[in-house]
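The lines below spell out each chain.
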Amino acid sequence: MSETIFAPEGGWRVRILDLSGGAEDNIVEEVGGFPDLIQANAFARAYVRDSIERCRMPGLSAADILKAWFSFGEDAEVLEAGDQGWRSANELDDFAAHAATPMERDWRAFDPRRGGDEDDEA
(Lines give C-alpha, C1' and ligand atoms only; values in the text may rest on other atoms or scores of the structure.)
Protein backbone atom coordinates (compact mmCIF):
# COMPACT_ATOMS: atom_id res chain seq x y z
CA MET A 1 0.00 0.00 0.00
CA SER A 2 1.50 3.33 -1.01
CA GLU A 3 1.36 6.26 1.31
CA THR A 4 -0.51 9.37 0.22
CA ILE A 5 1.17 12.69 0.75
CA PHE A 6 -0.92 15.85 0.81
CA ALA A 7 0.57 19.16 -0.23
CA PRO A 8 1.71 21.35 2.63
CA GLU A 9 -0.12 24.63 3.08
CA GLY A 10 0.99 26.99 0.30
CA GLY A 11 2.07 24.12 -1.96
CA TRP A 12 5.23 22.09 -2.24
CA ARG A 13 8.65 23.74 -1.84
CA VAL A 14 12.00 22.92 -3.38
CA ARG A 15 15.19 23.94 -1.62
CA ILE A 16 18.19 24.86 -3.80
CA LEU A 17 21.55 24.03 -2.21
CA ASP A 18 24.91 25.55 -3.18
CA LEU A 19 27.43 22.71 -3.12
CA SER A 20 30.37 25.14 -3.16
CA GLY A 21 29.51 26.23 0.38
CA GLY A 22 29.09 29.87 -0.63
CA ALA A 23 25.67 30.30 0.98
CA GLU A 24 24.63 30.14 4.62
CA ASP A 25 23.82 26.50 5.45
CA ASN A 26 24.40 25.93 1.70
CA ILE A 27 20.84 27.16 1.06
CA VAL A 28 20.56 29.43 -1.97
CA GLU A 29 16.78 29.75 -1.97
CA GLU A 30 13.50 27.94 -1.53
CA VAL A 31 11.04 27.93 -4.41
CA GLY A 32 7.47 27.49 -3.23
CA GLY A 33 4.00 27.23 -4.63
CA PHE A 34 4.20 23.96 -6.55
CA PRO A 35 0.60 22.77 -6.85
CA ASP A 36 1.52 19.08 -6.85
CA LEU A 37 4.41 16.80 -6.02
CA ILE A 38 4.87 15.79 -9.66
CA GLN A 39 5.71 19.38 -10.64
CA ALA A 40 7.97 19.90 -7.62
CA ASN A 41 9.87 16.68 -8.41
CA ALA A 42 10.16 17.60 -12.10
CA PHE A 43 11.49 21.07 -11.22
CA ALA A 44 14.10 19.64 -8.81
CA ARG A 45 15.21 17.02 -11.34
CA ALA A 46 15.54 19.50 -14.21
CA TYR A 47 17.31 22.04 -11.97
CA VAL A 48 19.97 19.52 -10.97
CA ARG A 49 20.23 18.25 -14.54
CA ASP A 50 20.94 21.81 -15.70
CA SER A 51 23.48 22.33 -12.93
CA ILE A 52 25.37 19.19 -13.94
CA GLU A 53 25.36 20.27 -17.58
CA ARG A 54 26.92 23.60 -16.61
CA CYS A 55 29.79 21.55 -15.11
CA ARG A 56 30.24 19.43 -18.26
CA MET A 57 33.29 20.42 -20.29
CA PRO A 58 34.78 18.71 -23.38
CA GLY A 59 37.10 15.89 -22.44
CA LEU A 60 35.86 15.42 -18.87
CA SER A 61 34.96 11.93 -17.73
CA ALA A 62 31.69 11.29 -15.90
CA ALA A 63 33.68 11.11 -12.64
CA ASP A 64 35.29 14.49 -13.40
CA ILE A 65 31.88 16.02 -14.15
CA LEU A 66 30.55 14.81 -10.79
CA LYS A 67 33.65 16.12 -9.02
CA ALA A 68 33.08 19.54 -10.59
CA TRP A 69 29.37 19.42 -9.69
CA PHE A 70 30.09 18.55 -6.05
CA SER A 71 32.54 21.48 -5.96
CA PHE A 72 30.58 24.13 -7.88
CA GLY A 73 27.07 22.89 -8.64
CA GLU A 74 23.66 23.23 -7.06
CA ASP A 75 21.50 20.44 -5.70
CA ALA A 76 17.73 20.53 -5.15
CA GLU A 77 15.48 18.76 -2.68
CA VAL A 78 11.72 18.63 -2.36
CA LEU A 79 10.81 19.54 1.20
CA GLU A 80 8.37 17.52 3.30
CA ALA A 81 7.94 14.87 0.58
CA GLY A 82 9.52 11.92 2.37
CA ASP A 83 10.30 8.95 0.16
CA GLN A 84 8.11 10.35 -2.64
CA GLY A 85 10.39 13.36 -3.13
CA TRP A 86 12.94 13.23 -5.94
CA ARG A 87 16.55 12.69 -4.83
CA SER A 88 19.54 13.65 -6.94
CA ALA A 89 21.64 10.79 -5.54
CA ASN A 90 19.44 8.32 -7.42
CA GLU A 91 20.39 9.74 -10.84
CA LEU A 92 23.74 11.52 -10.54
CA ASP A 93 25.79 8.79 -12.21
CA ASP A 94 23.42 8.64 -15.17
CA PHE A 95 23.28 12.43 -15.46
CA ALA A 96 27.09 12.65 -15.55
CA ALA A 97 27.42 9.80 -18.05
CA HIS A 98 24.82 11.11 -20.53
CA ALA A 99 24.47 14.70 -21.70
CA ALA A 100 21.03 16.24 -21.25
CA THR A 101 18.74 17.51 -23.96
CA PRO A 102 17.56 21.12 -23.72
CA MET A 103 14.13 19.86 -22.60
CA GLU A 104 15.66 17.80 -19.76
CA ARG A 105 17.41 20.95 -18.49
CA ASP A 106 14.38 23.26 -18.72
CA TRP A 107 13.56 23.76 -15.04
CA ARG A 108 11.94 27.09 -15.88
CA ALA A 109 9.06 25.23 -17.54
CA PHE A 110 8.12 23.86 -14.09
CA ASP A 111 8.84 27.01 -12.07
CA PRO A 112 5.64 28.29 -10.40
CA ARG A 113 7.15 31.80 -10.22
CA ARG A 114 6.88 32.17 -14.01
CA GLY A 115 3.41 33.64 -13.87
CA GLY A 116 1.34 33.52 -17.04
CA ASP A 117 2.62 32.09 -20.27
CA GLU A 118 4.19 34.92 -22.23
CA ASP A 119 2.99 33.41 -25.52
CA ASP A 120 -0.62 33.70 -24.34
CA GLU A 121 -0.16 37.41 -23.66
CA ALA A 122 1.34 38.22 -27.06
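In this text, all values refer to a predicted model and were calculated from it rather than measured experimentally.

Student: I'd like a description of the pattern of salt bridges, backed by residues and values.
Tutor: A pair can form between side chains of opposite charge whenever their charged atoms are brought close. Taken as a whole and judged by the stated rule, the model has twelve salt bridges. A salt bridge links Arg49 to Glu53, with the shortest nitrogen-to-oxygen separation between them at 3.5 Å. With a gap of four residues between them, Arg49 and Glu53 both fall in helix α1 (residues 37-55), about one helical turn apart. Taking relative accessible area as the criterion, Arg49 reaches 3% and is therefore assigned buried. Under the relative-accessibility criterion, Glu53 is labelled buried at 10%. Each of Arg13, Arg15, Glu30, Glu77 and Glu80 takes part in one network of salt bridges that share partners.

Student: Any details on the nonpolar core? Residues and values, ideally.
Tutor: Core analysis: the biggest nonpolar cluster contains 26 residues, and Trp12, Val14, Phe34, Phe43, Val48, Ile52 and Val78 have the highest contact counts within it. Secondary structure elements with two or more residues in this core: β1 (12-18), β2 (27-34), α1, α2 (62-72), β3 (74-78) and α3 (92-97). A total of nine residues in this core trace back to one element, the largest contributor, which is α1. Those residues in contact with Val78 that lie beyond four places of it in its chain are Trp12, Arg13, Val14, Leu37, Ala40, Asn41, Ala44, Gly85 and Trp86.

Student: I'd love a proper account of α2, names of residues and values included.
Tutor: Residues Ile65, Leu66, Ala68 and Trp69 constitute the buried set of α2. Seen from one end, α2 has its buried residues packed into an arc of 160°, which puts them on one side. Looking at α2, the residues exposed on the side facing more than 90 degrees away from the buried face are Ala63 and Lys67. Packed against the buried residues of α2 are α1, β3 and α3.

Student: Please set out the packing of aromatic side chains residue by residue, giving values where relevant.
Tutor: Summed over the entire model, instances satisfying the criterion amount to six aromatic pairs. Relative to Phe43, the ring of Phe34 has its centre 5.1 Å away and its plane inclined at 50°; by these criteria the two rings are tilted. For Phe43, a relative accessible area of 0% translates into the label buried. Feature note: the residues Phe34, Phe43, Tyr47 and Trp107 constitute an aromatic cluster, connected by ring pairs.

Student: Please provide a residue-by-residue account of the pairing of β1, values included.
Tutor: Most of β1 is tucked away, with five of its seven residues classed as buried. Looking at chain direction, β1 and β3 are connected through five bridges and run antiparallel. Its bridge partner being in β3, Asp18 is matched across the sheet by Glu74.

Student: Let's hear about α1: which residues, and what values?
Tutor: Spanning 19 residues, α1 covers 27 Å between terminal C-alpha atoms, matching the ideal 27 Å at 1.5 Å per step. For α1, a buried count of 14 out of 19 residues is recorded, marking the element as mostly surrounded by other parts of the structure. Its side-chain oxygen placed 3.2 Å from the backbone nitrogen of Ile38, Asp36 serves as the N-cap of α1.

The rules we used
Residues numbered from 1 in each chain as written. Predicted model: local features only at pLDDT ≥ 70, side-chain atom pairs only at ≥ 80, totals over all residues. Heavy atoms only, no water. Salt bridge = Lys/Arg side-chain N within 4 Å of Asp/Glu carboxyl O. Helix = DSSP H or I, 4+ residues; strand = E, 2+ residues; numbered from the N terminus. Buried < 20%, exposed > 50% of the residue type's maximum accessible area, 1.4 Å probe, protein only. Core = buried A, V, L, I, M, F, W, Y, C linked by side-chain atoms within 4.5 Å. Contact = heavy atoms within 4.5 Å. Arc of directions from axis to C-beta. Phe/Tyr/Trp six-rings, centres within 6.5 Å; stacked < 30°, edge-to-face > 60°. Pairing = 2+ DSSP bridges. Expected span 1.5 Å × (residues − 1). Polar contact = N/O pair within 3.5 Å; in protein donor to acceptor, adjacent residues only side chain to side chain.

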